[in-house]
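# Survey of secondary and tertiary structure
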Amino acid sequence: MHAIVVAQVDSTEELRTIVVEENRIVQTIENGEFNNRSKLLSESLQTGANVDIRTTGVGVLAPVSFRGGNTTQTSVKWEGMSLESPTNAVMDLSLIPSYFIDRVEINSFSSGALGSGAISGSLSLQNSSKFKESTSIDASLNSLYNSFFGVDHRYRIRKVNVRTRLIAEYANNRFKYVKRDEKVFPDPSALRQGAGIMQEFWNSEGEWKWKNSIWFQRFSRDIPPTVLQVSRTGRVLPNQIDENLRIANSVKRSFKRTDLSLRTGYAWEKLRYKDPNSNLDNLYRNHMLNALAKINFRASKSMSATILIEDKYAHSKASVYYSDFRNEFSPSMHLKFVQNKFKLNGSIRQSYFLKNTSPFLPAMQLLWKGRQSTYSISASRNYRIPSMNDLFWNPGGNKYLNPEESFRNEMVWNYKSQNFNVSTELFYHIIVNQIRWLPTVKGYFEATQTSEKVWNRGMEFRLSYRDTFGRLTIQYKGSTQFIKSTLSESQPSLLDGYQQIYIPSIFVKNSISFQLIKSINLEMRSSWTSTRYLLSDHSESLPSFALFDIHVSHKWKHWSHGIEINNVLNQNYYILPYRALPGLSVKARVGY
């Protein structure tokens, strides 16, 4: 049942591709003009960032996981407002068009300063406040019979900057499944269609800076069948309709020694899931309010302090199961001290809920910066309360669940020269009271907790190189991530224990691009993902797989066009069991 799966488990014109810049623990991805902006955010991050996108198919559920954590343990914010659904505690990245996002900050450091829920990491989705009057149009079509159209118009009304973005999408997602016995079954079209608008207003003059953003979209999508279901005849595909309205407001002003910032946000979401095959018809409605006040004091050039007060309210209603609300009030203090080559960041936060209070959640980072190398160590504690589905899903919810807690340590070394950037990160992450949905003898899944702790440890290595030879610019980016994730009551050794299910132990990603005369760009990307185990005793697994993509783009005057070939090797691969993903596909794009 799809809903149970949900429960568990600055736009810079000079850039030619999505650029990932390593800045210690934080990665930054900026949406450049030549990047295929018709992609979903889940697709952009799958190839351009060190995260695990656990998609169940093309254009359907795609939450994100960091370094062995659950998808429910990732915080996703847009313009400072939390986007995770109170229903299932995840944000489906396939419902976020890259066209609407200018910048993504990926923070793999778990910190209570990021708010409850960011146990494994966080994504910060941002829109640019840079302004230049312009109009751009993007359109694409691929061999899966998927089409996209977008308009981005920036203009000025008196002293107010205005930006309007519109998208429309119609996708058949038509490809063939290949079963393990190598028999090929045609995939009945899993239709996805939708449209959205983002309207932004902001000022660029005056002492007070303000911004207002409104985002509305509606998507209807069929849920593609599994490999086991695809051969059946007369089967009607389940359908899910998602409607979202998000409003973000901010105002800020800088004084001599003080910066003041105020943010408010409102989000409304409606999800209707229908499966005629099982007579299932569920309707979910969520209302979320977010308010944040931030005051930064600069005591001197070397020391500053920030006081932050945040309140998050959510009301969630499911047509069959529950109607409930929650509120989280979280004051926190952040200190920064800089002395010569040393920098110390520290914070402490506490969250107050209606029925319980979190412990104090400290976070600390000590950094030393040399001439070309940077070293840092960090430690943090975080906290997450159960989602509405965890508590009230029927059957299987458990209203007696305890909040999850986490403790994390990291060490980072970074070397940067004129052409090279190298970094190595070591991490050790303990999660207590992790909520798991396990099968029962009654034939359904149930939310449960055990005395076993989750131990996630590993290493991440990144290397980037960029140089120019005459009119040719070459850029390489590569990363390797090793994760050992196990369950045990006592502390295991580095390599002991069975790897947790669905978590690959190794990710390898590489990209190399060649840019000629600033108008022609060739990029090749490859990735390798190791085995994913399906059972805790490793008796069943999904095989490792390698993907290879080629992107070619060209700019002529105000026009841009490109060809993208994905999965060049035509690999038959799976991220989740029985949910096959497309083989070789070709996409053509044109923009103005």
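This section reports on the structure supplied with the text. (Residues numbered from 1 in each chain as written. Predicted model: local features only at pLDDT ≥ 70, side-chain atom pairs only at ≥ 80, totals over all residues. Heavy atoms only, no water.)

Turning to the overall build of the protein chain, a few remarks are in order. Of the regular secondary structure elements, the protein chain holds three helices and 36 strands. Evaluated residue by residue, the protein chain yields a buried proportion of 53% over its 592 residues. Approximately 26500 Å² of the protein chain is accessible, and the part contributed by carbon and sulfur atoms is 58%. (Helix = DSSP H or I, 4+ residues; strand = E, 2+ residues; numbered from the N terminus. Buried < 20%, exposed > 50% of the residue type's maximum accessible area, 1.4 Å probe, protein only. Areas by Shrake-Rupley, 256 points an atom, 1.4 Å probe, with all protein chains shown as cover.)

As a further point, take the environment of Val 236. Note on placement: Val 236 falls in the loop between strand 15 (209-222) and strand 16 (239-254). Using a relative accessible area of 46% as the deciding quantity, one classes Val 236 as partly exposed. Sequence-distant contacts of Val 236, that is, excluding residues within four places in its chain, are made with Asp 275, Pro 276 and Asn 277. (Contact = heavy atoms within 4.5 Å.)

Core analysis: the biggest nonpolar cluster contains 33 residues, and Leu 45, Trp 78, Leu 93, Ile 96, Ile 106, Leu 123 and Leu 125 have the highest contact counts within it. Listed by contribution, the elements that provide at least two residues to this core are helix 2 (41-48), strand 5 (74-78), strand 7 (103-107), strand 8 (121-126) and strand 15. Setting aside residues up to four positions removed in sequence, Leu 125 forms contacts with Leu 41, Val 76, Lys 77, Trp 78, Glu 79, Leu 83, Ile 96, Ile 101, Arg 103 and Val 104. Grouped together as the second largest cluster of nonpolar side chains are 10 residues, Tyr 284, Met 388, Leu 391 and Trp 437 included. (Core = buried A, V, L, I, M, F, W, Y, C linked by side-chain atoms within 4.5 Å.)

Once that is clear, we can look at the packing of aromatic side chains. Throughout the structure, instances matching the rule amount to 12 aromatic pairs. Between Trp 78 and Trp 215 the ring centres are 5.2 Å apart and the planes differ by 75°, which places this aromatic pair in the edge-to-face class. Pair noted here: Trp 78 is in strand 5 and Trp 215 is in strand 15, with a separation of 137 residues, a long-range link. Geometrically, the ring pair formed by Phe 420 and Tyr 465 is tilted, given 4.9 Å between the ring centres and 45° between the ring planes. With Phe 420 in strand 25 (residues 420-432) and Tyr 465 in strand 28 (residues 453-469), the pair connects residues that are 45 residues apart, well separated along the chain. Each member of the aromatic cluster is reached from another via a ring pair, and the members are Trp 78, Phe 100 and Trp 215. Seen from the ring of Trp 202, Lys 211 lies directly overhead, with NZ or CZ sitting 5.5 Å from the centre. (Phe/Tyr/Trp six-rings, centres within 6.5 Å; stacked < 30°, edge-to-face > 60°. Lys NZ or Arg CZ within 6 Å of the ring centre and 35° of its normal.)

Before going further, it helps to examine the pattern of salt bridges. On inspection of all chains with the given rule, the structure shows 33 salt bridges. Put simply, Arg 165 and Asp 102 hold a salt bridge, and the shortest N to O gap is 3.1 Å. Here Asp 102 lies in the loop between strand 6 (81-82) and strand 7 and Arg 165 lies in strand 11 (residues 160-171), a separation of 63 residues in the sequence. Both residues of the pair, Arg 165 and Asp 102, belong to the buried class. Where Lys 211 meets Glu 200, a salt bridge forms, and the shortest distance between an N and an O atom there is 3.4 Å. Taken together, the residues span a long stretch of sequence, with Lys 211 in strand 15 and Glu 200 in strand 14 (residues 192-203) at a distance of 11 residues. For the pair formed by Lys 211 and Glu 200, the shared burial category is buried. (Salt bridge = Lys/Arg side-chain N within 4 Å of Asp/Glu carboxyl O.)

Computed from the structure, the second largest cavity encloses a volume of approximately 400 Å³. Lining the second largest cavity are 24 residues, with Glu 84, Pro 86, Lys 312, Arg 326 and Glu 328 positioned closest to its centre. Going through the elements one at a time, strand 6, strand 18 (280-298), strand 19 (303-318) and strand 20 (323-339) are the ones with two or more residues in the lining of the second largest cavity. Its residues assigned to classes, the lining of the second largest cavity shows 10 nonpolar, nine polar and five charged. (1 Å grid on protein atoms, 1.4 Å probe; cavity = no way out; pocket = protein on both sides within 12 Å on 5 of 7 lines; lining within 4 Å. Points joined across faces, edges and corners; volume = space filled by probe spheres on them. Nonpolar A, V, L, I, M, F, W, Y, C, P; charged D, E, K, R; others polar.)

Here the focus is the side chain of Asp 152. Mapped onto the elements, Asp 152 comes out in strand 10 (residues 146-157). According to the relative accessible area criterion, Asp 152 is buried, its value standing at 2%.

What follows deals with the pairing of strand 27 (residues 445-448). Of the strand pairs in this sheet, strand 26 (residues 436-439) and strand 27 are connected by four bridges, and their pairing is antiparallel. For Leu 438, the partnering residue across the bridge sits in strand 27 and is Glu 446. Connecting strand 26 to the next strand, strand 27, in antiparallel fashion are five residues, including Gly 443 with a positive phi near 95°. (Pairing = 2+ DSSP bridges.)

With that settled, consider unusual backbone geometry. In this structure, Pro 395 follows Asn 394 across a cis peptide bond, with omega equal to 5°. Looking at the element boundaries, Pro 395 is found in the loop between helix 3 (388-392) and strand 24 (404-416). Notably, Tyr 145 is not glycine yet its phi reads approximately 65°, a positive angle. Inspection of the secondary structure puts Tyr 145 in the loop between strand 9 (134-142) and strand 10. For Arg 158, which is not a glycine, the phi torsion comes out positive at approximately 55°. With respect to the helices and strands, the residue Arg 158 is situated in the loop between strand 10 and strand 11. You can call Arg 158 exposed: its relative accessible area is 81%.

Looking now at helix 2. Considered for burial, the residues of helix 2 that qualify are Leu 41, Ser 42, Ser 44, Leu 45 and Gly 48. Axial view of helix 2: buried residues confined to an arc of 160°, hence all on one face. (Arc of directions from axis to C-beta.)

Attention shifts here to the environment of Leu 166. Relative to the elements of secondary structure, Leu 166 occurs in strand 11. Considered as a pair, Leu 166 and Met 198 are 32 residues apart in the sequence and their alpha carbons are 6.6 Å apart. Look past the residues within four positions of Leu 166 in its chain and what remains in contact with it is Tyr 99, Phe 100, Phe 149, Gly 150, Val 151, Gly 196 and Ile 197.

A few words on the environment of Ala 171. Along the chain, Ala 171 turns up in strand 11. Distance in space between the C-alpha atoms of Ala 171 and Ser 147 is 5.9 Å, their sequence separation being 24 residues. Ala 171 has contacts with Tyr 145, Asn 146, Ala 190, Leu 191 and Arg 192, leaving out every residue within four places of it along the chain.

The grouping of Lys 209, Lys 252, Arg 263 and Lys 294 at the surface amounts to a positive patch. The residue Lys 209 is located in strand 15 in this model. When its relative accessible area of 31% is taken as the criterion, Lys 209 is described as partly exposed. (Patch = residues over 30% accessible without salt bridge, like charges linked within 9 Å, V, L, I, M, F, W, Y side chains within 5 Å. Lys, Arg positive; Asp, Glu negative; His and termini not counted. Charge placed at Lys NZ, Arg CZ, Asp CG, Glu CD.)

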